[in-house]
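# Descriptive structure summary
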Amino acid sequence: MTMGRIGDILTASRSSGRGALMPFLTAGYPDLETTEAILLGLEPAWADIVELGIPFSDPIADGPVIAASMHEALSRGIRPERILDMVSRIRGQIHQGLVAMVSHSIVERSGGDAFITRAADAGFDGLIVPDLDLDRVDDLLPVVDQHDLSFSLLVAPSTTDERLDAIIPRCRGFIYLLARAGLTGVRSELPEITPHVSRIRERTQLPIAVGFGVSSPEHVSRVASVADAAIVGSAIVRRMGESDAPVQAALQTIQELSGGLPRGA
């Protein structure tokens, strides 16, 4: 089995001695034009992969900043098909890998395999489905593998060894490690993640991306020193919400965060 584009990006990043940054954007917040402008404005040096959150009425483990952004996007009529259409139209102009964070309810409501195929055809390189039951994963992996997509489930600090051993074989591209349990959000301190990274490294060669509470260049630097990618969401979305120029706010924040990465051995 190949690593897929996302796995290849993260493996190359690790091999070259530099970290990867994976900014999160709520698709359609505050509108779809803003999301498009941010994607098109990202410099290759600032971000390696972009995680697009598809708005859902009951966000899974998202803190108040991202939850509010999703509710606002939904209130303005943002639906999965509109996001897929936008990605399909501009994908050829985006340098970064592209991963969708999507609830299993959306995947299932849209036909399971049919949604995954549609996402791949639109230009997504992978999916994160944080609330998918492990038993259902096995039904979806054939179409995931058919399209050479990454497919990531969440590993929490509290995840037991038994569950970890069940999750890892079902992941493609990378493992998504939560830096902390509970809801995501901006935090001043980042917990110690090294033991959790080590526990995963003992079991797989898949790259490891760390998110939840990663909020500053200093946090990004700490994550990059032990894992393969830092995922930052709430810090970006919050800055967008505080600004009259959300596109510029997002791009500036992502550029600042990228300063925490070691850029080459």
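Structural data are supplied above this passage.
Position numbers for residues start from 1 in each chain and track the written sequence from start to end. pLDDT decides what is reported in this predicted model: residues at 70 or higher carry local features, side-chain atom pairs at 80 or more are listed and counted, and totals for whole chains, interfaces and linings draw on all residues regardless. Here the side-chain values reflect all heavy atoms present in the structure, with hydrogen atoms and water set aside.

Another aspect to go through is the pairing of strand β2 (residues 49-53). Burial analysis of β2 places five of its five residues in the buried class, which makes it a mostly covered element. Exposure categories follow from relative accessible area, calculated using a 1.4 Å probe and restricted to protein chains: below 20% of the type maximum is buried, above 50% is exposed, and the middle band is partly exposed. Each helix is a run of DSSP H or I of at least 4 residues and each strand a run of E of at least 2, with the numbering of both proceeding from the N terminus. The two faces of β2 match: I49, E51 and G53 on one face and V50 and L52 on the other face are all buried. Here, any two strands with at least 2 DSSP bridges between them count as paired. Examined bridge by bridge, strand β1 (residues 20-26) and β2 share three bridges and lie parallel to one another. Within the sheet, the bridge partner assigned to L25 lies in β2 and is L52. For the handedness criterion, the β-α-β arrangement of β1, helix α2 (residues 32-41) and β2 is classed as right-handed. Throughout, right-handed denotes a crossover for which the path from the first strand over the helix to the second runs clockwise when the strands point away from the viewer.

To continue, consider the packing of helix α4 (residues 80-90) against helix α6 (residues 113-122). Close contact between α4 and α6 brings their axes to 8 Å; oriented N to C, the two are set at 30°. It follows that α4 is roughly parallel to α6 by the angle criterion. Residue-level inspection shows P80, E81, L84, D85, V87 and S88 of α4 in contact with α6, the latter providing F115, R118, A119 and A122. Split by residue class, the contact of α4 with α6 holds six nonpolar, one polar and three charged. To define axes, lines are fitted to C-alpha atoms, for helices over the stretch in contact only, and angles between the resulting N-to-C directions are given on a 0 to 180 degree scale. Should an angle lie under 35 degrees it is considered roughly parallel, over 145 roughly antiparallel, and from 65 to 115 roughly perpendicular; all remaining angles are considered oblique. Whether two residues are in contact is decided by their heavy atoms: any pair within 4.5 Å suffices. Lys, Arg, Asp and Glu make up the charged group, whereas Ala, Val, Leu, Ile, Met, Phe, Trp, Tyr, Cys and Pro make up the nonpolar group; the residues left over, Gly among them, are polar.

Our next topic: the pattern of salt bridges. Take a side-chain nitrogen of Lys or Arg and a carboxyl oxygen of Asp or Glu: if they are within 4 Å of each other, that pair is a salt bridge. Evaluated as defined, the whole model comprises 19 salt bridges. Of the charged contacts, one joins E36 and R89 as a salt bridge, the two residues approaching to 2.9 Å between their closest N and O atoms. A residue pair is termed long-range when its members are at least 10 positions apart, and E36 in helix α2 and R89 in helix α4 qualify at 53 residues. Judged by relative accessible area, which is 18%, E36 ranks as buried.

The next thing to look at is the packing of α2 against α4. Where α2 meets α4, the closest approach of the two axes is 11 Å, and the angle between their N-to-C directions is 30°. Relative to α4, the element α2 lies roughly parallel. Every pair of crossing elements has a handedness; the one defined by α2 and α4 is right-handed. Residue-level contacts link L32, T35, E36, L39 and L40 of α2 to R82, I83, M86, R89 and I90 of α4. For the contact of α2 with α4, a count of residues per class yields six nonpolar, one polar and three charged. Two helices crossing with the near one rotated counterclockwise from the far one by less than a right angle form a left-handed crossing, whereas a clockwise rotation gives a right-handed crossing.

What follows deals with the environment of L251. Along the chain, L251 falls in helix α12 (residues 246-258). On the basis of relative accessibility, which here comes to 14%, the residue L251 falls in the buried class. C-alpha of L251 to C-alpha of G41: the two residues are 210 residues apart in sequence and 7.2 Å apart in space. In this view, L251 contacts I38, G41, L42 and W46; residues no more than four positions away in its chain are not counted.

A separate point is unusual backbone geometry. Residue P30 is reached from Y29 by a cis peptide bond, and omega for that bond is -10°. Structurally, P30 is set in the loop between β1 and α2. With a phi angle near 55°, D148 is a residue other than glycine that sits in the positive phi range. Here D148 shows up in the loop between α7 (134-146) and β5 (150-152). Overall, D148 belongs to the partly exposed group, its relative accessible area being 35%.

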